[in-house]
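Residue-level listing of the chains:
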Amino acid sequence: MAQQRKKLFIKTYGCQMNVYDSERMRDVLAPLGYEPSDRPDDADLVILNTCHIREKAAEKVYSELGRLRPHKEAKAGTGDPMTIAVAGCVAQAEGEEIMRRAPVVDLVVGPQTYHKLPELIAQTHRARGERLETEFEPVAKFDALAGDRAVDGYTAFLTVQEGCDKFCTFCVVPYTRGAEWSRPVDQIVAEARMLVSKGVREITLLGQNVNAFHGAPPAGHEADGPWGLGRLLRHLSLIGGLDRIRYTTSHPNDMDDELIAAHGDLECLMPYLHLPVQSGSDKILHAMNRKHTFESYVRVIEKVRAARPDIAISGDFIVGFPGETETDFEATLQGVKAINYASAFSFKYSRRPGTPGASMPMQVDEAVASERLARLQAVLEEQQGEFNRSQIGKRLPVLFEKAGRLPGQLHGRSPYLQSVHCEGPSGLIGQIAEVTITDASRNSLTGFLDAKVDAA
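Throughout what follows, the structure given in this document is the object of discussion. (Residues numbered from 1 in each chain as written. Predicted model: local features only at pLDDT ≥ 70, side-chain atom pairs only at ≥ 80, totals over all residues. Heavy atoms only, no water.)

Taking strand neighbours around the barrel as the criterion, the five strands line up as β17-β18-β19-β21-β20 in a closed arrangement whose pairing is mixed. Across the sheet, the mean angle separating the axes of adjacent strands is 55° when strand polarity is ignored. The pairing of strand β19 (residues 419–423) with strand β21 (residues 444–449) spans three bridges and is parallel. Looking at β21, one finds that His421 is bridged to Thr446. (Pairing = 2+ DSSP bridges. Helix = DSSP H or I, 4+ residues; strand = E, 2+ residues; numbered from the N terminus. Axes fitted to C-alpha atoms, helices over the stretch in contact; angles between N-to-C directions.)

Within the element layout of this structure, Leu449 appears in strand β21. Using a relative accessible area of 17% as the deciding quantity, one classes Leu449 as buried. Sequence-wise, Leu449 and Gln161 are 288 residues apart; in three dimensions their C-alpha atoms are separated by 38 Å. With residues up to four places along the chain from it excluded, the contact list for Leu449 reads Phe400, Cys422, Glu423, Gly424, Pro425, Leu428, Ala433, Glu434 and Val435. (Buried < 20%, exposed > 50% of the residue type's maximum accessible area, 1.4 Å probe, protein only. Contact = heavy atoms within 4.5 Å.)

Here we take up the pairing of strand β16 (residues 343–348). When strand β15 (residues 312–319) meets β16, the two strands line up parallel, connected through six bridges. Note that in β16 the partner of Val319 across the bridge is Lys348. Read from β15 through helix α12 (residues 326–339) to β16, the crossover connection turns out right-handed. (Right-handed = clockwise from strand over helix to strand, strands pointing away.)

This brings us to the environment of Arg244. In this fold, Arg244 is placed in strand β13 (residues 244–248). Of the residues examined, Arg244 reaches a relative accessible area of 2% and is grouped as buried. The spacing of Arg244 and Arg201 is 43 residues in sequence and 6.3 Å in space, taken between C-alpha atoms. In this structure, Arg244 is in contact with Arg201, Glu202, Ile203, Cys268, Met270, Pro397, Val398, Leu399, Arg413, Ser414, Pro415 and Ile432, ignoring residues within four places of it in sequence.

Below, the discussion takes up the nonpolar core. Among soluble globular proteins, nonpolar side chains are generally buried collectively. By size, the foremost hydrophobic cluster in this structure holds 52 residues, and its most contacted members are Leu205, Leu236 and Tyr247. The greatest single-element share of this core, amounting to seven residues, is contributed by helix α7 (residues 185–197). Contact partners of Tyr247, with chain neighbours within four places excluded, come to Thr204, Leu205, Val210, Leu229, Leu233, Met255, Leu259, His263, Leu269 and Leu273. (Core = buried A, V, L, I, M, F, W, Y, C linked by side-chain atoms within 4.5 Å.)

With that out of the way, let us pick up the sheet that holds β15. Whenever strands of a sheet pair, they do so through backbone hydrogen bonds, lying parallel or antiparallel. Taken in spatial order, the three strands of this open sheet run β14-β15-β16, and their pairing is parallel. Strands at the two margins of the open sheet, each flanked by one partner only, are β14 (272–274) and β16. Strand-to-strand twist of the sheet, defined as the mean angle between neighbouring strand axes without regard to direction, takes the value 10°.

A few words now on the packing of aromatic side chains. Under the counting rule described, the total for this entry stands at five aromatic pairs. Centroid distance Phe387 to Tyr416: 5.3 Å. Interplanar angle 90°. Geometry classified as edge-to-face. Placement of the pair is Phe387 in helix α13 (residues 366–389) and Tyr416 in the loop between β18 (409–413) and β19, with a sequence separation of 29 residues. A relative accessible area of 10% places Tyr416 in the buried class. Over the ring of Tyr34 we find Lys6; its NZ or CZ atom is 5.2 Å from the centre of that ring. (Phe/Tyr/Trp six-rings, centres within 6.5 Å; stacked < 30°, edge-to-face > 60°. Lys NZ or Arg CZ within 6 Å of the ring centre and 35° of its normal.)

Take the pairing of β18 next. By the criterion of burial, β18 is predominantly enclosed, with four of the five residues buried. Pairing of strand β17 (residues 395–403) with β18 involves four bridges; the strand directions are antiparallel. What sits directly across from Ala403, in β18, is Leu410. The pairing of β18 with β19 spans five bridges and is classified as antiparallel. Paired with Gln409 across the bridge in β19 is Glu423. Count of turn residues in the β18/β19 antiparallel hairpin: five residues, of which Leu417 carries a positive phi of about 75°.

Over its 21 residues, helix α2 (residues 57–77) runs 31 Å from end to end, which matches the ideal 30 Å to within 8%, given 1.5 Å per residue. At its buried positions, α2 is contacted by β1 (6–12), β3 (45–50), β4 (83–88) and α3 (89–101). Of the residues one or two after α2, Gly79 is the one with positive phi, at around 80°. (Expected span 1.5 Å × (residues − 1).)

Right, let's get into the pattern of salt bridges. This structure, assessed with the given rule, holds 29 salt bridges. As a salt-bridge pair, Arg24 and Asp27 come within 3.0 Å of each other at their nearest N and O atoms. Taken together, the residues span about one helical turn, with Arg24 and Asp27 both in helix α1 (residues 16–29) at a distance of three residues. For the residue pair Arg24 and Asp27, the accessibility class agrees, reading buried in each case. When the shortest N-O distance is used, the salt bridge between Glu382 and Arg389 registers 3.1 Å. (Salt bridge = Lys/Arg side-chain N within 4 Å of Asp/Glu carboxyl O.)

Next up on the list: unusual backbone geometry. With an omega of 5°, the peptide bond running from Thr248 to Thr249 counts as cis. Tracing the backbone shows Thr249 in the loop between β13 and α9 (257–265). Residues other than glycine seldom take positive phi values, yet Lys291 does so here, at roughly 65°. Structurally, Lys291 can be placed in the loop between α10 (282–287) and α11 (294–307).

Let us look at the environment of Ile121. Within the secondary structure, Ile121 is located in helix α4 (residues 117–125). For Ile121, a relative accessible area of 2% puts it in the buried group. The sequence separation of Ile121 and Leu32 amounts to 89 residues, and the corresponding C-alpha distance is 9.8 Å. With sequence-adjacent residues up to four places away left out, Ile121 is seen in contact with Leu29, Tyr34, Leu45 and Leu107.

Okay, here's the thing in structure tokens:
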């Protein structure tokens, strides 16, 4: 009789880095017999892969653990125990506290040590051994993860850089992910080739500060010294079958000339750049320790647009940072109007324990921050709508990823990362085809296939 396979449920919070990490957790656990499940109640192993960036991140984890407790108790009563692990950045920042407050948790695993999950789970099953593992070991982690990985679909994330040395006063990343560290070029290329061999056509390179990438050069190029992101992109563009490359998230100070030139030279590098600025006020940027001014940010955008005139710019904004006055906020509004974003993410400032911003004077009243956020989002949403409407009548290459919600409908992504819907044969899924855009909303585009295409 075949051995019954075990069920694995992973709940992923936050950024694309966590999505990538969750995929790799599934990979390292597959040899132990774990297969993915979409239900936590009957899972043998539940992992909460946490993010510390959003407001009340830890409280959300504790709430989820409270919901999991009855499931764990029910399974224990049947003699079929459930193991619960908390992974990711909340685990890194508050591991000891999690173990103290939530006895339901069996394992706490930091973002640099999830490759040790098989070992830790085995220890847990052997008399509940070591339960807390949060030491930083990025080199060991990626060495352990080198090799095969599961692929689901035609797009994939690929982590090339972790950590951050910028120490923005609102951010916990340097404390939860550690210092900046880049993977070797050969390791990245090997993983990219493996993904393409499994049908992936678009890869998004990930890093907390991805354009700070400085990886060891490939064999035969040791004399070059570390390669930057621009050169890595050129190297990856040579992989046959890799039709699209993206990268996120970037810092304005690391947009060097080589990377900017790559946007103009590489057809496979999509014309979409996510480049957070956070504020239009130099006073607030200084308080945030961003180490750039709004004017220097504008100059970077101008260089990128000169290299790639059709590029779409996306950004991040925080309103209500300590000391922000109405004049500072108005500078942000004017800055947004000057740049004209295709899309953006915007948030109210929220305190992160242990960060300098949490103890700064002149904390902004919650109601004031909410009102400012609403005004900012109104402008950003209008810009996004205008950008999408500007695509009407254009022919865009669309990578079709799956069937749409309606019969005969396909869903794909434009070069600008917009959702695109059109009618077409299911055989187009996984292919890139030209679509004439006929309608646009704030969140998606609609169109029709230009001509009969080979959907075999």
